[in-house]
Structure formats: C-alpha cells, structure tokens
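Read off the chains here:
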Amino acid sequence: MYMQIKHIIFDFDGTLMDTAPVILATMAATIKEMGLPERTVEQCRETIGKRLEDIPEMLFPGVPDISTEYAATYRRIFTQENKPGLAKPFPGVIDTLRTLNSLGYSMAVASSRNRASLQEFVDNLELADLFFMLVGGDDVAEAKPAPEPVFAICRKTGWLTADTLVVGDATYDILMGRNAGCPTCAVTYGNQSRSQLLSVSPDFIIDSFTELPECIRWRI
C-alpha cells in the first residue's frame, strides 16, 4: 500500500535532542537526595521519555506516594544542572527539520517533558517557527503510550491520523502512534535499542535523522 505522509509528530528527548547525559545525571542526583535505592544507568535510561510523575512507579514500585516529591526534586535539580548548550540536537536534526519544512511537511512535537521545559528548548534552538504545535506531558491526562498526545495535536490542527507520521526513539512513542492510527518511524540512535524498537513493529526504522525525508516519501 502506498500513501503520502503529510504531517509529522516528533518525540523530543532521544529523537531530536540528546538530553540523556543531563537527564541521567539529574536522575542520579534526585535518587541520592531522596535516599532512594540506587538504580543502574540502564534502568534509568529505560524511563527517559516517560512523564516524571510516572517514573517512580517504574523504578521504585515498592515505595509509595513519592511521585510528586520525585518530580519536584528532579525539576529543581534539572534547572540547576541544565546549563545552556549542555544538551545538543542529534547530528543533522536542525538541517533535516528545515528540509522537511521546505518540502511541505507540517510538523509538531509530542513530548513527555513538561510544556514549559519543552517550549524553552525549542525556543533556544530557534525552531518554534517550524512546529504547528507543542504538546507536553502536562498537557494531557493520559501520557504515552496512550494516543491522547497525538489526538490533541490532530484535533487542533485538523490533521488526519492516517496522514500523520509519529517519529520516536522508544517503544512507547511507536505504540502511541499505532494506538492513534498513525504510521510510525523508530530512530535507533536514541535511548532504546534496535531490537527493542523492532519488537513493536514500526513502519520505518532509521539509524540517522537525516534519512527521514527520503525514507517517508510516498511510501508506508
């Protein structure tokens, strides 16, 4: 089956921006400050892309009622640690986004990062003019892999989900897209492995963001 993709919804952390180093450092500092059991780098990496409030249940299922404190502590430390320029876009992201814009694709971002932080990153990169809409984790009741972030964007923009590609580096990005009825593209350079991504059967899989324009042209 062939169809033309007209719109693209991107994940942010691990897809557009290499924020893993500052995220992992902030998580380690948060865990230490709160006196929580130590977790490995890989265990922490598996949670990147989830809402902060949802992470304690994943990492510390036996520790009740810490979601609010964890999220507040993390945000305070992240603000201290995230010095300008520390997190950078992945290679080719900026130029490729501008290429996609010039080719006529309309674009948006659906992130689990809170809206204010997401907006700050996009503004600092001078990319706000490229995106029709930004959706943060605090903009929706149900986060990834639920389809609500995609539906929120499509309702606002009038996009059809069948014409809208969801691009992400994690299984829950791909599942969000599939649950919304969208074609999906996984990127392998982010926070999850190729084998993890293949386990949820994305329609496309790419090793470099620069492959995206040719990958999606007229096919599914």
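The paragraphs below set out a description of the structure included in this document. Since this is a predicted model, take the numbers as computed values, not measurements.

**Regarding the packing of helix α1 (residues 20-34) against helix α4 (residues 67-81)**
Phase 1 of the analysis: Viewed as axis vectors pointing N to C, α1 and α4 meet at an angle of 130°, and their least axial separation amounts to 9 Å. Between α1 and α4, the interaxial angle falls into the category oblique. Like other packed secondary-structure pairs, α1 and α4 cross with a definite hand, here right-handed. For the pair α1 and α4, contact is made by Val22, Ile23, Thr26, Met27, Ala29, Thr30, Glu33 and Met34 and by Glu69, Tyr70, Thr73, Tyr74, Arg76, Ile77, Phe78 and Glu81, respectively.
Phase 2 of the analysis: Across the contact of α1 with α4, the residue classes tally to nine nonpolar, three polar and four charged.

**Quick notes on the sheet that holds strand β7 (residues 184-187)**
Phase 1 of the analysis: The strand order across the open sheet built from six strands is β5-β4-β1-β6-β7-β8, with neighbouring strands paired in parallel fashion. Looking at strand neighbours, the two that pair on one side only are β5 (131-135) and β8 (204-206), the edges of this open sheet. Neighbouring strand axes in the sheet, compared pairwise and without regard to direction, differ in orientation by 20° on average.
Phase 2 of the analysis: As paired elements, strand β6 (residues 164-168) and β7 share three bridges and run parallel to each other. Paired with Val166 across the bridge in β7 is Thr184.
Phase 3 of the analysis: In the packing of helix α6 (residues 115-124) onto the sheet, the strands contacted are β4 (106-110) and β5, and the crossing angle to β5 comes to about 145°.
Phase 4 of the analysis: Of the strands in this sheet, β1 (7-10), β4, β5 and β6 touch helix α7 (residues 148-157), which is tilted by about 145° from β5.

**Some details on the side chain of Thr30**
Phase 1 of the analysis: The residue Thr30 is located in helix α1 in this model.
Phase 2 of the analysis: Discounting chain neighbours no more than four positions away, the residues touching Thr30 are Tyr70, Thr73, Tyr74 and Ile77.

**Structural notes on the packing of aromatic side chains**
Phase 1 of the analysis: Scanning the model with the defined rule gives seven aromatic pairs in all.
Phase 2 of the analysis: Measuring from ring centre to ring centre gives 5.6 Å for Phe12 and Phe121, while their planes differ by 50°; the resulting arrangement is tilted. Of this pair, Phe12 sits in the loop between β1 and β2 (17-18) while Phe121 sits in helix α6; the two residues are 109 residues apart in sequence, bridging distant segments of the chain. Residue Phe12 shares its accessibility class with Phe121, and that shared class is buried.
Phase 3 of the analysis: Between Tyr70 and Tyr74 the ring centres are 6.4 Å apart and the planes differ by 25°, which places this aromatic pair in the stacked class.

**Examining the pairing of β1**
Phase 1 of the analysis: Going residue by residue along β1, you find His7 and Ile9 tucked away on one face and Ile8 and Phe10 tucked away on the opposite face as well.
Phase 2 of the analysis: Note that β1 and β6 share four bridges and pair parallel. Counted as the bridge partner of Ile8 is Leu165 from β6.

**A closer look at the packing of α7 against helix α8 (residues 171-180)**
Phase 1 of the analysis: Relative to each other, α7 and α8 sit at 55°, their axes nearing to 8 Å. Taken as axis vectors, α7 and α8 run oblique relative to one another. Within the contact between the two elements, α7 uses Pro149, Val150 and Phe151 and α8 uses Met176, Asn179 and Ala180.
Phase 2 of the analysis: Across the contact of α7 with α8, the residue classes break down as five nonpolar, one polar and no charged.

**Details of the pattern of salt bridges**
Phase 1 of the analysis: One pass over the full model with this rule turns up 10 salt bridges.
Phase 2 of the analysis: We note a salt bridge from Asp54 to Arg51, for which the minimum N-O separation is 3.4 Å.
Phase 3 of the analysis: The class for Asp54 is partly exposed, based on a relative accessible area of 26%.
Phase 4 of the analysis: Among the charged side chains, a network of salt bridges with common partners joins Asp11, Lys144 and Asp173.

**Digging into unusual backbone geometry**
Phase 1 of the analysis: Residue Pro145 is bonded to the preceding Lys144 through a cis peptide linkage, with omega at 10°.
Phase 2 of the analysis: As for its placement among the helices and strands, Pro145 is situated in the loop between β5 and α7.
Phase 3 of the analysis: Residues other than glycine seldom take positive phi values, yet Asp65 does so here, at roughly 60°.
Phase 4 of the analysis: By the element assignment, Asp65 lies in the loop between α3 (55-59) and α4.
Phase 5 of the analysis: Since its relative accessible area comes to 79%, Asp65 is described here as exposed.
Phase 6 of the analysis: Even without glycine at this site, Ser201 takes up a positive phi of about 55°.

Analysis parameters
Residues numbered from 1 in each chain as written. Predicted model: local features only at pLDDT ≥ 70, side-chain atom pairs only at ≥ 80, totals over all residues. Heavy atoms only, no water. Axes fitted to C-alpha atoms, helices over the stretch in contact; angles between N-to-C directions. Helix = DSSP H or I, 4+ residues; strand = E, 2+ residues; numbered from the N terminus. Parallel < 35°, antiparallel > 145°, perpendicular 65-115°, else oblique. Left-handed = near helix turned anticlockwise from the far one by under 90°. Contact = heavy atoms within 4.5 Å. Nonpolar A, V, L, I, M, F, W, Y, C, P; charged D, E, K, R; others polar. Pairing = 2+ DSSP bridges. Phe/Tyr/Trp six-rings, centres within 6.5 Å; stacked < 30°, edge-to-face > 60°. Buried < 20%, exposed > 50% of the residue type's maximum accessible area, 1.4 Å probe, protein only. Salt bridge = Lys/Arg side-chain N within 4 Å of Asp/Glu carboxyl O.

Remember, this is a structural readout, not a statement about activity or role.
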